[in-house]
Amino acid sequence: MQFCGQGSVHLRALSALAYSDDDGHLRQQFLADSIPLNRSSLSRLVGRLEKLGLTERYLCPHDRRGVYTQITDKGRACVEEARVVYVQALEAVLAEVARNEDLAPAAAWLAEAADPAPRA
């Protein structure tokens, strides 16, 4: 399945950036470790994402050897599109599993655990 015309490795990189603790940017070394990809493959991947306008690269202001990758608004929109489809697919699978009386308790627990609504 493709989102924004991109495959799963592209989406993994964009998701790692979108959900990072640093507001959408990571040092390329950490991004490579999180996917995981070797540095050479990651550099090519980030280059492709950058050409598509999904990410931007910049040098670390404190250590000029460090290169950061930042997700763009267009990249965030791609991640959100994929997340919506993922949640819909997950809900459909859980609904199907819930019809099996042996698996229904597990499906109910998973559905409740995945619900982002605050609990009383």
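Going by the structure above, here's the rest.
Residues numbered from 1 in each chain as written. Predicted model: local features only at pLDDT ≥ 70, side-chain atom pairs only at ≥ 80, totals over all residues. Heavy atoms only, no water.

**Quick look at the overall build of the chain**
Thought 1: When its secondary structure is counted, the chain shows 5 helices and 3 strands.
Thought 2: Scanning the chain from its N terminus toward the C terminus, one meets helices and strands in the order α-β-α-α-β-β-α-α.
Thought 3: Over its C-alpha atoms the chain spans a radius of gyration of 18 Å, topping by over 25% the 14 Å that the globule rule assigns to 120 residues.
Thought 4: Among the 120 residues that make up the chain, the fraction classed as buried is 31%.
Thought 5: Sequence separation of 24 or more characterises 45% of the internal contacts of the chain that already satisfy a separation of 6 or more.
Thought 6: Looking at the chain as shown, the accessible area adds up to about 8,000 Å², and 56% of this sits on carbon and sulfur atoms.
Thought 7: Within the chain, the 16 negative side-chain charges are centred at a point lying 13 Å from the centre of the 14 positive side-chain charges. (Helix = DSSP H or I, 4+ residues; strand = E, 2+ residues; numbered from the N terminus. Rg over C-alpha atoms; globule rule 2.2 N^0.38 Å. Buried < 20%, exposed > 50% of the residue type's maximum accessible area, 1.4 Å probe, protein only. Contact = heavy atoms within 4.5 Å. Areas by Shrake-Rupley, 256 points an atom, 1.4 Å probe, with all protein chains shown as cover. Lys, Arg positive; Asp, Glu negative; His and termini not counted. Charge placed at Lys NZ, Arg CZ, Asp CG, Glu CD.)

**A short note on the packing of aromatic side chains**
Thought 1: Within the structure shown, the criterion is met by 1 aromatic pair.
Thought 2: Centroid distance Y58 to Y68: 5.4 Å. Interplanar angle 10 degrees. Geometry classified as stacked. Highlighted residues: Y58 in strand β2 (residues 55-59) and Y68 in strand β3 (residues 67-71), separated in sequence by 10 residues.
Thought 3: With a relative accessible area of 30%, Y58 lands in the partly exposed category.
Thought 4: For Y68, a relative accessible area of 18% gives the class buried. (Phe/Tyr/Trp six-rings, centres within 6.5 Å; stacked < 30°, edge-to-face > 60°.)

**With respect to the pattern of salt bridges**
Thought 1: One pass over the structure, following the stated rule, counts 4 salt bridges.
Thought 2: D23 is the partner of R76 in a salt bridge, and the nearest nitrogen-oxygen pair spans 3.9 Å. Remark: D23 occurs in the loop between α1 (8-18) and β1 (25-27) and R76 occurs in helix α4 (residues 73-98); sequence separation between them is 53 residues.
Thought 3: Take D23: its relative accessible area is 61%, and that puts it in the exposed class.
Thought 4: For E80, the salt bridge is made with R83, and the minimal N-O distance between the two is 2.9 Å. Taken together, the positions of E80 and R83, both in helix α4 and 3 residues apart, correspond to about one turn of that helix. (Salt bridge = Lys/Arg side-chain N within 4 Å of Asp/Glu carboxyl O.)

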